[in-house]
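# Observations on the three-dimensional arrangement
In case you want the letters, here they are:
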Amino acid sequence: MESVFIDDVSKWRGAQRVLANVSVRVMPGEVVALLGPSGAGKSTLLRCVNHLDAVDEGRIFVEGTLIGYRQSGDRLYELKEREICLQRSRIGMVFQNFNLIRHLSALENVMLGPLNVLGTPRAKAAVRAQELLQMVGLEHKASAFPSQLSGGQQQRVAIARSLAMDPTLMLLDEPTSALDPELAEEVLATIRALAAQGRTMMIATHDMALARDLADRVIFMEAGAVVEDVPARQFFESPCSERARQFLKRLAPQARAA
């Protein structure tokens, strides 16, 4: 069974169609990079996978479960917010701008989901949060607040926070774009470790080094549509479409550095 099955999904924002009949399958343990110019629909697609954005057409399944809706006959009915939150608890989401709670320490940020969504006892949640901070190299920052952390450290806390829910799928939306190269490398090291563990991940990124280094497959998008869905090595060495070739040519120095 696929980890993710995106079936003919479309979405509009007003008169603008931001996703156009997108169909994608992601297998367990795969790392899939979503590439394309700004406005291609990469982030919107990720947000639809965990129903932060509702789809207008099509369906999305994660581990065989229809996301955001229940089906009765030929009709779909949106789930209640609590049911959607329970579905999201199995889908980790890492945002570009970290989205940490500023008045909570790193440890408390990581504990938040297990406490409030899963009902984990506080002592157990604290032990697990400390383990995850150690995994991302930040056990010594457990009591620090977000304002006391660098951007790279905040992003690693955000990754630990997502892992605290033991997700079957990780969605990463431009995880390094708000960081300078040195701090981005800290985050890349953490993402590499997740890939080595066999985590299923979908990563929207403009970072060609990240995509070439980590991805099993590349989905190249433009204007809300999938232009190419191919193995990562094939995409970087011999893309099928002229549009992808133009995209890579424009980013040639970064792609070579990968």
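Just above sits the structure.
Described in the following lines is the structure provided in the data block. (Residues numbered from 1 in each chain as written. Predicted model: local features only at pLDDT ≥ 70, side-chain atom pairs only at ≥ 80, totals over all residues. Heavy atoms only, no water.)

### Things to note about the pairing of strand β6 (residues 69–72)
Where we set the bar: The criterion for strand pairing is that DSSP finds at least two bridges linking the strands in question. Helical segments are the DSSP runs of H or I of at least four residues, strand segments are the runs of E of at least two, and each set is numbered from the N terminus.
Relative to strand β7 (residues 75–78), β6 runs antiparallel, the two being bridged by four bridges. Looking across to β7, one finds that Arg 70 is bridged to Tyr 77. Hairpin remark: β6 followed by β7, antiparallel, with two residues in the connecting loop; positive phi at Gly 73, about 65°.

### A short note on the packing of aromatic side chains
Heads up, the rule is: Stacked, tilted and edge-to-face pairs are distinguished by plane angle, under 30 degrees for stacked and over 60 for edge-to-face with tilted covering the rest, among Phe, Tyr and Trp rings (Trp via its six-membered ring) whose centres lie within 6.5 Å. In this scheme, Lys NZ or Arg CZ marks a charge over a ring once it lies within 6 Å of the ring centre and within 35 degrees of the ring normal.
Within the structure shown, the criterion is met by four aromatic pairs. Here Phe 235 and Phe 236 contribute two aromatic rings whose centre-to-centre distance is 5.4 Å and whose plane-to-plane angle is 85°, an arrangement assigned as edge-to-face. Among the aromatic residues, those joined into a cluster by ring pairs are Phe 220, Phe 235, Phe 236 and Phe 247. The aromatic ring of Phe 5 is capped on one face by Arg 25, whose charged end is 4.2 Å from the ring centroid.

### Some remarks on helix α9 (residues 242–250)
Two residues of an α-helix separated by three or four positions point the same way, owing to the 3.6 residues in each turn. Operational definition: Remark: exposure states derive from per-residue accessible area (1.4 Å probe, protein chains only) relative to the maximum for the residue type, with buried under 20%, exposed over 50%, and partly exposed in between. Taken from the helix axis, the directions to the C-beta atoms give the arc we talk about.
Listed as buried for α9 are Ala 244, Phe 247 and Leu 248. Along α9, the residues classed as buried sweep out an arc of 95° about the axis, all on the same side. Away from its buried face, by an angle of more than 90 degrees, α9 presents the exposed residues Lys 249 and Arg 250.

Purely geometric stuff here, so don't read any function into it on its own.
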